[in-house]
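Each chain, written out:
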Amino acid sequence: MSATDIQQLKDQVHENMQGAVTIVVLGASGDLAGKKTYPAIFSLLRNGLMPENVHITGYARSKLDRNEYVKRITAHLKDASEEQKNKFLEVTDYVSGQYDQDDSWKSLNEHLDKLEEKRGLKEGRRNRVFYMALPPSVFVTVARGLRKFVYTDKGHNRIVVEKPFGKDLESSTELAKDLGELFKEEEIYRIDHYLGKEMVKNILPLRFANMILDPTFCNKTVDNVQITLKEPFGTEGRGGYFDEYNIIRDVMQNHLLQVMSLIAMDKPAGNDPESTRDAKVKLLRKVKPIDIKDTLLGQYVANGDKPGYKDDDTVPNDSVSPTFAALVLYVDNDRWRGVPFIMKAGKALDTAKVDVRLQFRDVEEGLFKQAARNELVLRIQPGEAIYYKLNNKSPGLTYRQIVTDLDLTYKDRYKDMSIPDAYETLILDVMRSDHSNFVRDDELDAAWRIFTPLLHKIDREKIQPKPYPYGSRGPQELDDFVTRYGFKRDTKAPYEWPVQSVGK
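From a predicted model like this one, the values you see are computed outputs, not experimental measurements.

This part takes up the overall build of the protein. Within the protein one finds 15 helices and 15 strands. Computed over its C-alpha atoms, the radius of gyration of the protein comes to 25 Å, within 12% of the 23 Å expected for a compact globule of 504 residues. For the protein, the spread of C-alpha atoms along the principal axes amounts to about 80 × 60 × 45 Å. Counting over 504 residues, the protein shows a buried share of 53%.

Below, the structure written as structure tokens:
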């Protein structure tokens, strides 16, 4: 970023927080806080993107002394010098307390009041951000304690909630109602960390700032869209949690649906956060509930020294929880009617990647009717990239046709690139009071309406997933499944990046 961009962000943070904030990390002793929340806060602090007067208080049930707390919150700080760590540690402390006891919340509030007094914060500057790095089972209990005893009337209040936001439409609606009775919607920031990823944030500029692209995002030119998330590891250590949620609730109803909504939505009416969220909600309300016939479910089994899903002692022996799913969604509007959006996600697969692949329609009958399909690919991770797969004449005397690409790989194009972690981006947005990349309550409602009938059917009828070996591409039925919805994998034309030497 340029110095001007950085200064603009600093000014926005200062204006929204009046130069001061107290961040309370709830669940501070847990893995999420140690691996994601604290490193993100540290990075913002190191780069001067936190308010000048900031303090971070960790809160959890674990009884940690100072040394153990420091060890946990610094274990995952990257490229941090001792000086930077020490500056960070000067503005953080830890309070142990229960989540369901009034006295614990009163003690926390007294602690925060003393911190604010000591820092000389006047009324209007005693802003508090409550970051809930917690399991969903205690969301409402903690929110009630915060609202009753720790909510300030001398500054802004922000509550940041991690997914999952419920397990179905009914539980999500209940959670939204409970939180809505405690905090105003403008005070609630529901984090889906995919919305903080660089390439996901780039979808709207890519589409709507380029006239050569947006007109092609429609059923007149696009045959199918694939949104894929692959993880090369299983659920080791998380089997009990995962079995309750499965791959659909874990990453598809939230992460992949967020990506789909940005790919498919119409242009927002304005450039403010609510216009973007309005456009997403409008799109999601046009997505039909997923039919079981448009679904392929899988569950990984042992392969060599790699264990199967049910080899985990915390997973029931009769579990039918899918660790892989391919789902097809349809949008019932003029832009996308008839185009299948194929979502694929799985654990214990052959590689790690997240990408979006728009496959365009075949060339019409004529001179090049055998040409391979064009594709636009957005690689979200690892290694951000955008590339178009095109047909091109092979250089030289031949008229042979080859498939090549126009390639924008970020690490090659942007030599001084530094891409922040998604959590860093989103916590900065909280400081800026920018809701653009957070999930609104009516958006949650629209999303769950798409998935709930399918999830209830899977749970009720205990639909058996197809087995697939740990480290494979997924169930053997996968290729036939995506072919059924129009996807074509070109096997005739070689996919080449020609390199020619110039000289002798």
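What follows deals with the nonpolar core. Grouped together as the largest cluster of nonpolar side chains are 147 residues, with contacts concentrated most on I248 and M252. With 12 residues, helix 10 (residues 239-264) is the largest single contributor of residues to this core. When residues are assigned to domains, this core turns out to be shared by domain 1 (3-162) and domain 2 (195-484), each giving three or more. If we skip the residues at most four places from it in the chain, I248 touches Q253, L297, A325, L327, F451, L454, L455 and I458.

Scanning the model with the defined rule gives 40 salt bridges in all. For E443, the salt bridge goes to K280, with nearest N and O atoms at 3.1 Å. Taken together, the positions of E443 in helix 14 (residues 441-461) and K280 in helix 11 (residues 273-284) put the pair 163 residues apart, joining distant regions of the chain. For the pair E443 and K280, a shared accessibility class is recorded, and that class is buried.

All right, on to the side chain of D223 then. Within the secondary structure, D223 is located in strand 7 (residues 222-230). Side chain to side chain, D223 and N224 meet in a polar contact 2.8 Å long. Within the structure, the side chain of D223 is placed 3.3 Å from the side chain of R373, a separation counted as a polar contact. Once you skip the residues sitting within four places of it in the chain, D223 turns out to touch V339, P340, Q359, F360, R361, R373, Y485 and G486.

The next point concerns the confidence of the model for the protein. Taken residue by residue, the protein gives an average pLDDT of 91. The fraction at 70 or more is 96%. In this model residues 500-504 is a low-confidence stretch, pLDDT under 50, and it forms one contact with partners more than four residues away in sequence or in other chains.

The next thing to look at is the environment of H76. Take H76: it is sitting in the loop between helix 3 (66-74) and helix 4 (82-89). A sequence separation of 116 residues divides H76 from D192, and the C-alpha atoms of the two residues are 21 Å apart. Here H76 is in contact with G34, K35 and P39, once residues within four sequence places are set aside.

As a further point, take empty space enclosed by the protein. If a probe the size of a water molecule is rolled over the atoms, the empty space left behind becomes visible. Tallied over the entire structure, the rule returns two cavities of 30 Å³ or more. Size it by volume and the largest cavity reaches roughly 70 Å³. Lining the largest cavity are F165, D192, Q253, N254, L257, Q258, V439, E443, L444 and A447. Elements that contribute at least two residues to the lining of the largest cavity include exactly helix 10 and helix 14. In terms of residue count, helix 10 provides more of the lining of the largest cavity than any other element does, four residues in total. Residue composition of the lining of the largest cavity, by class: five nonpolar, three polar and two charged. Of the volumes computed, that of the second largest cavity is approximately 50 Å³. Going through the elements one at a time, strand 4 (128-132) and helix 13 (422-431) are the ones with two or more residues in the lining of the second largest cavity. In terms of residues, the lining of the second largest cavity owes the most to one element, helix 13, which gives three residues. A per-class count over the lining of the second largest cavity returns eight nonpolar, no polar and no charged. Of the residues that make up the lining of the second largest cavity, three or more belong to each of domain 1 (3-162) and domain 2 (195-484).

Scoring rules and cut-offs
- Residues numbered from 1 in each chain as written.
- Predicted model: local features only at pLDDT ≥ 70, side-chain atom pairs only at ≥ 80, totals over all residues.
- Heavy atoms only, no water.
- Helix = DSSP H or I, 4+ residues; strand = E, 2+ residues; numbered from the N terminus.
- Rg over C-alpha atoms; globule rule 2.2 N^0.38 Å.
- Buried < 20%, exposed > 50% of the residue type's maximum accessible area, 1.4 Å probe, protein only.
- Core = buried A, V, L, I, M, F, W, Y, C linked by side-chain atoms within 4.5 Å.
- Domains from an automatic or database assignment.
- Contact = heavy atoms within 4.5 Å.
- Salt bridge = Lys/Arg side-chain N within 4 Å of Asp/Glu carboxyl O.
- Polar contact = N/O pair within 3.5 Å; in protein donor to acceptor, adjacent residues only side chain to side chain.
- pLDDT = per-residue confidence, 0-100.
- 1 Å grid on protein atoms, 1.4 Å probe; cavity = no way out; pocket = protein on both sides within 12 Å on 5 of 7 lines; lining within 4 Å.
- Points joined across faces, edges and corners; volume = space filled by probe spheres on them.
- Nonpolar A, V, L, I, M, F, W, Y, C, P; charged D, E, K, R; others polar.

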